[in-house]
Amino acid sequence: SANGRPVEGIERDAHERDNEEKAGQQRMVARMRCMWGQRQAVLRLTASGLVLSALVAFVIPRRYQSSAHLMPPDQSNSSTGMAMLAAAGGNAGAGLGSLAGGILGLKSSGALFVGILQSRTVQGDIVSRFQLQEVYGQRYAEDARNELGEKSDVFEDRKSGIITIQVTDTDSRRASAITQAYTEELNRVVNSMSTSSAHREREFLEERLKAVQMDLEAAEKEFSQFSSKN
């Protein structure tokens, strides 16, 4: 015996360890043979994955995003915003009148501008300007306008008041041009509203002036009649 253990027991343990090592080696060799036998299938799967990735990269078009930032309107001078709200609520023309329902409930000038940019009038003009109905492959102008709305994001930062316009398109130049068109349409609508409001104010003042003049003439006539009687 060695260390109090029978020699036969020690030899048996060593023999079992040798058997376990041989069994492990055999399993590893079997796995390697299996993988080697399936190498063609692995290669085919790898090649198929590469081809599929390339096809997806070519089929799915790239998307470009263009952004524009507009400074907030001067809050110290709210007459412009109020004038535009008045113009929207009055007879400002067919194009501007269609904006009234969507923006009359807005309180700030920034929210008013966001409402104008997201309006059907502005987006409809952009669809016509860039022929987006054909670009998007839409049968109806309404569907093209809805798709433009999905690809356009207009929001106002509540802290700074800065208005951001973001347009996503598969053509980088068209995305930039549409973003610029939004700012141009905003300026056009604001100018039209301001002009319409100023026109109505002028007409109101002229009517008031005529009424005052008529009152003065009537008063002078009554005074003359009173003086002649006396």
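Quick note: structure is the one above.
Everything in this summary refers to the structure shown in the same document. Bear in mind the structure is a predicted one, so any value in this text is a computation, not a measurement. (Residues numbered from 1 in each chain as written. Predicted model: local features only at pLDDT ≥ 70, side-chain atom pairs only at ≥ 80, totals over all residues. Heavy atoms only, no water.)

**Some words on the overall build of the chain**
Next, step 1: For the chain, the count of helices and strands is 10 helices and three strands.
Next, step 2: Of the regular secondary structure in the chain, the N- to C-terminal order runs α-α-β-α-α-α-α-α-α-α-β-β-α.
Next, step 3: When each of the 230 residues of the chain is scored for burial, the buried share is 26%.
Next, step 4: Within the chain, counting contacts between residues at least 6 apart in sequence, those at least 24 apart form 64% of the total.
Next, step 5: Accessible surface, the chain as shown: approximately 16500 Å² in total, 54% of it carbon and sulfur. (Helix = DSSP H or I, 4+ residues; strand = E, 2+ residues; numbered from the N terminus. Buried < 20%, exposed > 50% of the residue type's maximum accessible area, 1.4 Å probe, protein only. Contact = heavy atoms within 4.5 Å. Areas by Shrake-Rupley, 256 points an atom, 1.4 Å probe, with all protein chains shown as cover.)

**Re helix α9 (residues 141–150)**
Next, step 1: Listed in full, the buried residues belonging to α9 are Ala-144, Arg-145, Glu-147 and Leu-148. Mapping the buried residues of α9 onto a view down its axis gives an arc of 160°, with all of them on the same face. (Arc of directions from axis to C-beta.)

**With respect to the environment of Gln-123**
Next, step 1: Tracing the backbone shows Gln-123 in helix α7 (residues 120–130).
Next, step 2: Classification of Gln-123 by relative accessible area gives buried; the value is 10%.
Next, step 3: When the C-alpha atoms of Gln-123 and Ser-152 are compared, they prove to be 9.6 Å apart, with 29 residues separating the residues in sequence.
Next, step 4: Once residues lying within four places of it in the same chain are set aside, the contact partners of Gln-123 are Leu-117, Gln-118, Arg-145, Leu-148, Gly-149 and Tyr-182.

**Here we look at the pattern of salt bridges**
Next, step 1: By the definition in use, this model includes seven salt bridges.
Next, step 2: A salt bridge links Asp-125 to Arg-188; the nearest nitrogen and oxygen atoms lie 2.8 Å apart. You can see Asp-125 sitting in helix α7 and its partner Arg-188 sitting in helix α10 (residues 172–229), a full 63 residues away along the chain.
Next, step 3: Note on Asp-125: relative accessible area 30%, which makes it partly exposed.
Next, step 4: Glu-147 is the salt-bridge partner of Lys-151, the closest N and O atoms lying 3.2 Å from each other.
Next, step 5: For Glu-147, a relative accessible area of 16% gives the class buried.
Next, step 6: Three or more residues are tied together by salt bridges with common partners; here these are Arg-120, Glu-142 and Arg-145. (Salt bridge = Lys/Arg side-chain N within 4 Å of Asp/Glu carboxyl O.)

**Observations regarding the sheet that holds strand β1 (residues 64–70)**
Each strand in a sheet pairs with its neighbour through backbone hydrogen bonds, running either in the same direction (parallel) or in the opposite one (antiparallel).
Next, step 1: Within the open sheet, the three strands sit side by side as β1-β3-β2. Their pairing is antiparallel. Strands with a single pairing partner mark the edges of an open sheet, and in this sheet they are β1 and β2 (152–156). Mean inter-strand twist for the sheet, computed between neighbouring axes without regard to direction, equals 15°.
Next, step 2: Of the strands in this sheet, β2 and β3 (163–169) are in contact with helix α6 (residues 109–117), which crosses β2 at around 170°. (Pairing = 2+ DSSP bridges. Axes fitted to C-alpha atoms, helices over the stretch in contact; angles between N-to-C directions.)

**Digging into the side chain of Thr-183**
Next, step 1: As for its placement among the helices and strands, Thr-183 is situated in helix α10.
Next, step 2: With a relative accessible area of 12%, Thr-183 lands in the buried category.
Next, step 3: Residues contacting Thr-183, with those up to four places away along its chain left out, are Ala-68, Leu-70 and Ile-165.

**Looking at a negative patch on the surface**
Next, step 1: On the surface, Glu-16, Asp-18, Glu-20 and Glu-21 cluster together into a patch of negative charge.
Next, step 2: Within the fold, Glu-16 resides in helix α1 (residues 7–37). (Patch = residues over 30% accessible without salt bridge, like charges linked within 9 Å, V, L, I, M, F, W, Y side chains within 5 Å. Lys, Arg positive; Asp, Glu negative; His and termini not counted. Charge placed at Lys NZ, Arg CZ, Asp CG, Glu CD.)

**Some words on the side chain of Thr-164**
Next, step 1: For Thr-164, the position within the fold is in strand β3.
Next, step 2: Reaching out from Thr-164, the side chain makes a polar contact with the side chain of His-69 at a distance of 3.1 Å.
Next, step 3: If we skip the residues at most four places from it in the chain, Thr-164 touches Ala-68, His-69, Asp-153, Val-154 and Phe-155. (Polar contact = N/O pair within 3.5 Å; in protein donor to acceptor, adjacent residues only side chain to side chain.)

**Things to note about the environment of Val-135**
Next, step 1: By the secondary structure assignment, Val-135 is in helix α8 (residues 132–135).
Next, step 2: With relative accessibility at 38%, the residue Val-135 sits in the partly exposed group.
Next, step 3: Excluding anything up to four places from it in sequence, Val-135 contacts Phe-130 and Arg-174.

**Brief notes about the environment of Ser-66**
Next, step 1: Looking at the element boundaries, Ser-66 is found in strand β1.
Next, step 2: Classification of Ser-66 as buried rests on a relative accessible area of 13%.
Next, step 3: Counting along the chain gives 86 residues from Ser-66 to Ser-152, while the straight-line C-alpha distance between them is 9.7 Å.
Next, step 4: Leaving out residues up to four positions away in the same chain, Ser-66 has contacts with Ile-165, Gln-166, Val-167, Ala-175, Ser-176 and Thr-179.
Next, step 5: Within polar-contact distance, the side chain of Ser-66 engages the side chain of Thr-179 at 3.3 Å.

So, to be careful, I would describe these as geometric facts and stop short of saying anything about function.
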